Structure formats: C-alpha cells, structure tokens
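Spelled out from the first residue to the last, the chains are:
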Amino acid sequence: MKTNNKILVLSIGSGALAALNYIHSNKPEEIKADFISIDTDKEILKNSNVKTMLIGRKLTKGAGAKGNPDIGVYSFYENEEAIIKKVNKYNTVFVISCLGGGTGSGASIALIKLLKDLRLKVFCLTTIPFEFERKKHKLPIDEITDKLKYYSDILSTIDNEVQLMLAQYDIINQKLLERFLDIYRKEII
Ligand SMILES: Nc1nc2c(ncn2[C@@H]2O[C@H](COP(=O)(O)OP(=O)(O)OP(=O)(O)O)[C@@H](O)[C@H]2O)c(=O)[nH]1
Ligand SMILES: [Mg+2]
C-alpha cells in the first residue's frame, strides 16, 4: 500500500447510495478507505451504512431532485464549499454514480470536475440507466459519460440494460464492487 495514499469512496444519488452500502458491506478487509454517501434526499440518506452528506437542502428541502438533472447540479453548487472541505484531505477518490435520476445525472459531472480541479486521482464507476429512465428524463447519456471520462483518471461503466435479464440491483452492485476492487488493486496496492 502506498503509505500516504488516503482514499475516499463517494456515492452521488440514491441508487449509488445502495451500491455504496453494498460495496462497503462486502469489501474485503484489505480495503482501507473512508466512505461518504451524498444525496439530495434526506430520507434515502437514512439508509446509508456510512457517513452522509445532504446537498441542496435550500433548493429541494431534502426531497430529492425528482429526476431533474438541473436540480442535481444546482444542489451540488449549493454545498460545493462543504464538499471541498470533506474531499481535500484525500489523494484518491472513487465516485460511484448511477445515472438515470436527477441527482446522479446532474451532479456527477460537477463533482468529478471539482475533484480533478483539486488535482486528486479520480476513479469513476458509473451505471448507465435503463432505456425507459433515459427517455423519461431525456438524459443525454453519451454527453454525460464523455464528460465523466474527460475528468476521470479511469471511467468504468456498467449498462443496466445489459443486466436487464437478471433485473436485480445486487447483480449490478456486485459488478460495481468487482470493478472497484480491480481498480483498487491495480492502482493502489
Ligand atoms: N446499482 C444500483 N442502481 C440502482 C439501485 N436503485 C436504483 N438504481 C438506479 O440508479 C439510477 C439513478 O436513479 P436514482 O438513484 O433513483 O436517482 P437519483 O440520482 O437519486 O436522482 P433523484 O432521485 O431524481 O434525486 C437509476 O438507473 C436506477 O434504476 C441500486 O440499488 N443499485
Ligand atoms: Mg434519489
């Protein structure tokens, strides 16, 4: 282990929080990292197994971004200073982001860009939403993933639709855990 490498694993949005819980509960002992769930939804944050941060309280009153990525990004900027304070003591940040709603789809790019501007190592694990979610919220997924890729050291994507036959989030969460471990073992240990 590179001794001075302080690692943070963040989730952004509600589905990502479930994935972060999964990763946190199932990771092997060798993983040394802090974990924080970020969301606009204060009820969802109560499900977190790890430290939490509510963003966009003034804008959404803690009720989530309701599928609107603009609300996701404005919520991020409402609390950007507090996020900077939290992430500043780390050198490496993993971001778990599940696109498809408002918070993850809106705030992920702003978050990843901020981390890069702070010159941190950034590994982004992202799920691509189901077709119906993409259409419902008119999400420009290719544009979003291009930007995530641009600002990340590594972007790893998992397409929900490909997993559709299995239709179980735990299968997707397990894949996210495997990708997380791959990158961790290759880049950190
Ligand atoms: N990996 C994973 N994805 C999930 C889970 N639950 C929901 N999702 C997916 O996560 C994606 C984003 O949806 P949400 O997390 O509900 O949206 P959000 O980012 O919280 O945005 P708002 O709720 O609008 O604020 C969608 O593609 C969901 O299908 C889960 O347990 N694990
Ligand atoms: Mg949500």
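What counts and how
Residues numbered from 1 in each chain as written. Chains lettered and ligands numbered in written order. Predicted model: local features only at pLDDT ≥ 70, side-chain atom pairs only at ≥ 80, totals over all residues. Axes fitted to C-alpha atoms, helices over the stretch in contact; angles between N-to-C directions. Helix = DSSP H or I, 4+ residues; strand = E, 2+ residues; numbered from the N terminus. Parallel < 35°, antiparallel > 145°, perpendicular 65-115°, else oblique. Left-handed = near helix turned anticlockwise from the far one by under 90°. Contact = placed C-beta atoms within 7 Å. Nonpolar A, V, L, I, M, F, W, Y, C, P; charged D, E, K, R; others polar. Expected span 1.5 Å × (residues − 1). Buried ≥ 20, exposed ≤ 12 C-beta atoms within 10 Å, placed from the backbone. Core = buried A, V, L, I, M, F, W, Y, C linked by C-beta atoms within 7 Å. Pairing = 2+ DSSP bridges.

Asks: Honestly, the packing of helix α4 (residues 69-78) against helix α6 (residues 103-117) in this entry has me stumped. Any pointers?
Replies: Packed helix pairs are characterised by how far apart their axes lie and by the angle those axes make with each other. Contact pair α4 / α6: the axes reach a minimum separation of 6 Å and the direction vectors enclose 45°. By the angle between their axes, α4 is oblique relative to α6. Here α4 runs over α6; the crossing is right-handed. When α4 is examined against α6, the residues P69, D70, I71, G72, V73, S75, F76 and Y77 are found in contact with a partner set consisting of T103, G104, S105, G106, A107, A110 and L111. Partitioned by chemical class, the residues of the contact of α4 with α6 number eight nonpolar, six polar and one charged.

Asks: Quick question: what am I supposed to make of the packing of α6 against helix α8 (residues 141-151) here?
Replies: Direction vectors running N to C along α6 and α8 enclose 15°, while the axes themselves pass 9 Å from each other. One finds that α6 runs roughly parallel with respect to α8. In this structure, α6 crosses over α8, and the sense of that crossing is left-handed. Listed contacts from α8 to S105, S108, I109, I112, K113 and K116 of α6 are I144, K147, L148 and Y151. Within the contact of α6 with α8, the residues separate by chemical class into five nonpolar, two polar and three charged.

Asks: Where do I start with helix α9 (residues 169-187) in this structure?
Replies: A turn of α-helix holds 3.6 residues, and therefore any two residues three or four places apart point the same way. For α9, spanning 19 residues, the distance from its first C-alpha to its last is 27 Å, which sits close to the expected 27 Å at 1.5 Å a residue. Where α9 is buried, its residues contact α1 (14-26), β4 (92-98), β5 (121-128) and β6 (154-159).

Asks: Would you mind showing me how to read the environment of G72 here?
Replies: When you line up the elements, G72 lands in helix α4. A count of 31 C-beta atoms within 10 Å places G72 in the buried class. Between the alpha carbons of G72 and I12 there is a distance of 9.6 Å; along the sequence they are 60 residues apart. When sequence neighbours within four positions are dropped, the list of residues in contact with G72 reads T40, A65, G102, T103, G104, S105, G106 and A107.

Asks: Just checking my understanding: could you explain the nonpolar core for this structure?
Replies: For soluble globular proteins, the rule of thumb is that nonpolar side chains tend to be buried together. Formed by 49 residues in total, the largest nonpolar core has its most connected members in F94, V95, I96, L111 and I112. Of the residues forming this core, the biggest block, seven residues, is contributed by α6. Here I112 is in contact with V95, V122, C124, L148, Y151 and S152, once residues within four sequence places are set aside.

Asks: Looking at this model, I keep getting lost on the sheet that holds β6. Mind explaining?
Replies: With respect to topology, six strands assemble into an open sheet ordered β3-β2-β1-β4-β5-β6, the strand pairing being parallel. Looking at which strands have only one partner, the edges of the open sheet turn out to be β3 (51-54) and β6. Recorded for the sheet is a direction-independent mean angle of 20° between the axes of neighbouring strands. In this sheet, β4 lies alongside strand β1 (residues 7-12) in parallel orientation, the contact comprising six bridges. Paired with L8 across the strands is V93, a residue of β4. Those strands touched by α8 are β5 and β6, and its axis lies near 160° from that of β5.

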